[in-house]
Amino acid sequence: MTFAATILTLYPEMFPGPLGISLAGRGLREGLWSLEAVQIRDFATDKHRSVDDTPAGGGAGMVLRADVLAAAIDSVPREGRPLLAMTPRGRTLTQDRVRELAAGPGAIVLCGRFEGFDERIFEARDIEEVSIGDYILSGGEMAALTLLDACIRLVPGVMGAASSGMDESFETGLLEYPQYTRPVEWEGRTIPEVLRSGDHARIEAWRRAMAETDTRLRRPDLWERHEGARVQSPSGARRKHGTD
C-alpha cells in the first residue's frame, strides 16, 4: 500500500519542496509514497477567482470561504484517508498520531491562509484539526510539510532498515540518548568510555539511563507520562520502577 498525500493549498508550487530531496525524495521517485497538490483557487466561481472574504462581524484580515473550500475538498477522492486541516486551534500532533497516519493509506491535508477558515467548513465536513505547536505560521503549508515528513520517514522502505527509526526521540516515550562519532577526542572532550567498550549490554544500559535522565530534566511533561505508563503492568497492577 502506497502512502498517498494530497495537499489542498493556494501555493501548490511549495510542494514537494524539501520532501523532494534526500530519503523522502528518493522514496517519492521510487513510488513508495505519492504526492498531489491541488490549487484551491481553481474552485472559485467568480471572475476574480476569489477564495476569501472579510470576517463576519468585522475585524482585520480575510477568511477562507467555506463554499470554495468545500468544492476543493469534495473534488478529492477520500479512499479511506483522513482529512486534516493545519491550524493552531487543532490538537497538537504527536508521534503516536504520526505512526497511525503512516500506517494508513495516506492523508488529505488542507492548508489555511489569512485569518483562517470559515468555521462552517468544520461543521459540514469530517475534518481533523491539527497543530504542530503553539506558534503562528504564515500559512498551513510549512505545517503540512512537517506533518508529511514525520509520516513519510515511517513508510516502509523510505529509511531503509525497518529498525532505523526506533531509537529516535518520542518513539519510546523518551528523548533520544546522546550520540557521538569520531574523532574519539575533540577539543579536550572524549567519547564516553562505555561507548568504546564493545560491551553491548553496558552500552544499552547507558543509553537507556541517559535517555531517562535527559527526558526528566528537559521534558518533565514527557517524563511524567512515561512514568505513568511504566508503573502499570498490562493487567493494570502496579510494579516497581526498573522492572519489566
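Provided above is the structure to which this section pertains.
My aim in this report is to walk through the structure given alongside it, one point at a time. Since the model is a prediction, treat every value here as computed from it, not as a measurement. (Residues numbered from 1 in each chain as written. Predicted model: local features only at pLDDT ≥ 70, side-chain atom pairs only at ≥ 80, totals over all residues. Heavy atoms only, no water.)

Scanning the protein chain from N- to C-terminus turns up 7 helices and 9 strands. For 244 residues, the compact-globule formula gives about 18 Å, and the C-alpha radius of gyration of the protein chain, at 22 Å, lies well above that figure. Projected onto its principal axes, the C-alpha positions of the protein chain cover 70 × 40 × 40 Å. Counting all 244 residues of the protein chain, 39% fall into the buried class. A separation threshold of at least 6 residues defines the contact pool for the protein chain, and within that pool the share at least 24 residues apart is 71%. As displayed, the protein chain has an accessible area near 14,400 Å², and 51% of this comes from carbon and sulfur atoms. Side chains of the protein chain give 30 positive and 37 negative charges; the mean places of these two sets differ by 4 Å. (Helix = DSSP H or I, 4+ residues; strand = E, 2+ residues; numbered from the N terminus. Rg over C-alpha atoms; globule rule 2.2 N^0.38 Å. Buried < 20%, exposed > 50% of the residue type's maximum accessible area, 1.4 Å probe, protein only. Contact = heavy atoms within 4.5 Å. Areas by Shrake-Rupley, 256 points an atom, 1.4 Å probe, with all protein chains shown as cover. Lys, Arg positive; Asp, Glu negative; His and termini not counted. Charge placed at Lys NZ, Arg CZ, Asp CG, Glu CD.)

One can find T6 in strand β1 (residues 3-9). With a relative accessible area of 2%, T6 lands in the buried category.

Once that is clear, we can look at the environment of H48. Structurally, H48 is set in the loop between β2 (33-39) and β3 (52-53). Placed 108 residues apart in sequence, H48 and P156 show a C-alpha to C-alpha distance of 44 Å.

Right, let's talk about a nonpolar patch on the surface for a bit. Together, Y135, L137 and M142 make up an exposed nonpolar region whose accessible area comes to about 290 Å². Turning to its location among the elements, Y135 is positioned in the loop between β7 (128-131) and α5 (140-152). For Y135, a relative accessible area of 44% gives the class partly exposed. (Patch = residues over 30% accessible without salt bridge, like charges linked within 9 Å, V, L, I, M, F, W, Y side chains within 5 Å. Salt bridge = Lys/Arg side-chain N within 4 Å of Asp/Glu carboxyl O.)

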